[in-house]
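Each chain, letter by letter, is given below.
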Amino acid sequence: MSFFRRSKTVEQAATPAASPSAAAVAERDSITGDYVLDASHSRLGFSARHAMVTTVRGQFADFDGTAHVDAENPAASTVTIDIRPASISTGTPDRDGHLVSGDFFDVENHPAITFVSTRVERDGAEWTITGDLTIKGVTKPVTIPFEETGTAVDPFGNTRVGFEGATTINRKDWDLSWNAALETGGVLVSEKIKLEFDVSAIKSA
């Protein structure tokens, strides 16, 4: 109740709101810097519905990337990723062989998938990265929400930062349009593909 509250003194009322503490600023800025993607501790994966009844999951084993992270001015941050689709793995060699063929990634003529950021935004531990995704020579914008999962110094003295993110795209937008009709209705492979990112990056010296 209001009559139990102590009113502010003149000095208290005149005191401006406290600015961020040095610790808070240090924590915010601790991840600022240039990074290299650690492919051996990261996963770039995907999932798709198969035959309308189950989900097939896969990933790419061969990729690299770099990032510039600016915690104070997120708009100045940048990300680039290069993926070799020939390294695709879904656990079934025959399916992997089909995916690298001309029906899908056509790796003989298009050996790389690239992502180059065009806008980076931040809200606390939540980051939103928009960029150009190029597959089979087709470039389309995608937006991927990421969660900053933490930072650490590993036993080798490397400063690491982790991010997890996911987004859903329509594969037909990148000319990945092969499909087969099912006798019971529907199609063999869903058009919607979920992209999944579990990233560990090492800060450059």
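Whatever comes next refers back to the structure up there.
Residues numbered from 1 in each chain as written. Predicted model: local features only at pLDDT ≥ 70, side-chain atom pairs only at ≥ 80, totals over all residues. Heavy atoms only, no water.

Caption draft 1: Region of the structure containing the overall build of the protein. Check the secondary structure of the protein and you find 3 helices and 11 strands. N-terminal to C-terminal, the α/β element order of the protein is α-α-β-β-β-β-β-β-α-β-β-β-β-β. Taken over 205 residues, the protein has a buried fraction of 34%. Approximately 12300 Å² of the protein is accessible, and the part contributed by carbon and sulfur atoms is 54%. (Helix = DSSP H or I, 4+ residues; strand = E, 2+ residues; numbered from the N terminus. Buried < 20%, exposed > 50% of the residue type's maximum accessible area, 1.4 Å probe, protein only. Areas by Shrake-Rupley, 256 points an atom, 1.4 Å probe, with all protein chains shown as cover.)

Caption draft 2: Representation of the packing of aromatic side chains. Evaluated as defined, the whole model comprises 4 aromatic pairs. Centroid distance Trp127 to Phe163: 6.1 Å. Interplanar angle 90 degrees. Geometry classified as edge-to-face. Separated by 36 residues along the polypeptide, Trp127 in strand β8 (residues 126-135) and Phe163 in strand β10 (residues 159-170) bring together distant segments of the chain. Each member of the pair, Trp127 together with Phe163, is buried. For the ring pair Phe146 and Phe197, a centre distance of 5.7 Å and an interplane angle of 55 degrees mean the geometry is tilted. Of this pair, Phe146 sits in strand β9 (residues 138-153) while Phe197 sits in strand β11 (residues 189-203), placing them 51 residues apart in sequence. Among the residues examined, Phe197 registers a relative accessible area of 14% and is labelled buried. An aromatic cluster of at least three residues, connected via ring pairs, comprises Phe46, Phe60 and Phe105. (Phe/Tyr/Trp six-rings, centres within 6.5 Å; stacked < 30°, edge-to-face > 60°.)

Caption draft 3: How the structure looks around the nonpolar core. In terms of nonpolar packing, the biggest core is built from 38 residues, with Phe105 and Leu133 touching the most fellow members. Ranked by the residues each element gives to this core, the list is headed by β11, at 5 residues. Not counting residues up to four positions away in its chain, the partners in contact with Phe105 are Phe60, Pro85, Ile88, Leu99, Val100, His110, Ile113, Ile135, Lys136 and Leu176. (Core = buried A, V, L, I, M, F, W, Y, C linked by side-chain atoms within 4.5 Å. Contact = heavy atoms within 4.5 Å.)

Caption draft 4: Spotlight on the side chain of Ser190. Structurally, Ser190 can be placed in strand β11. Look at Ser190 and you get buried, because its relative accessible area is 13%. For Ser190, the side chain forms a polar contact with the main-chain nitrogen of Arg49, separated by 3.0 Å. For Ser190, the contacting residues outside a window of four places in its chain are Ala48, Arg49 and Arg171. (Polar contact = N/O pair within 3.5 Å; in protein donor to acceptor, adjacent residues only side chain to side chain.)

Caption draft 5: The arrangement of the pattern of salt bridges in detail. Going through the model one piece at a time under the given rule, you end up with 9 salt bridges. Measuring nitrogen to oxygen at the nearest pair gives 3.6 Å for the salt bridge that ties Arg119 to Glu121. Judged by its relative accessible area of 39%, Glu121 falls in the partly exposed class. Between Glu148 and Arg122 there is a salt bridge whose closest N-O contact spans 3.7 Å. Taken as a pair, Glu148 in strand β9 and Arg122 in strand β7 (residues 113-123) lie far apart in primary sequence, 26 residues in all. Here Glu148 falls in the buried class, since its relative accessible area comes to 18%. Taken together, the shared-partner salt bridges connect Asp38, Asp154 and Arg160 into one network. (Salt bridge = Lys/Arg side-chain N within 4 Å of Asp/Glu carboxyl O.)

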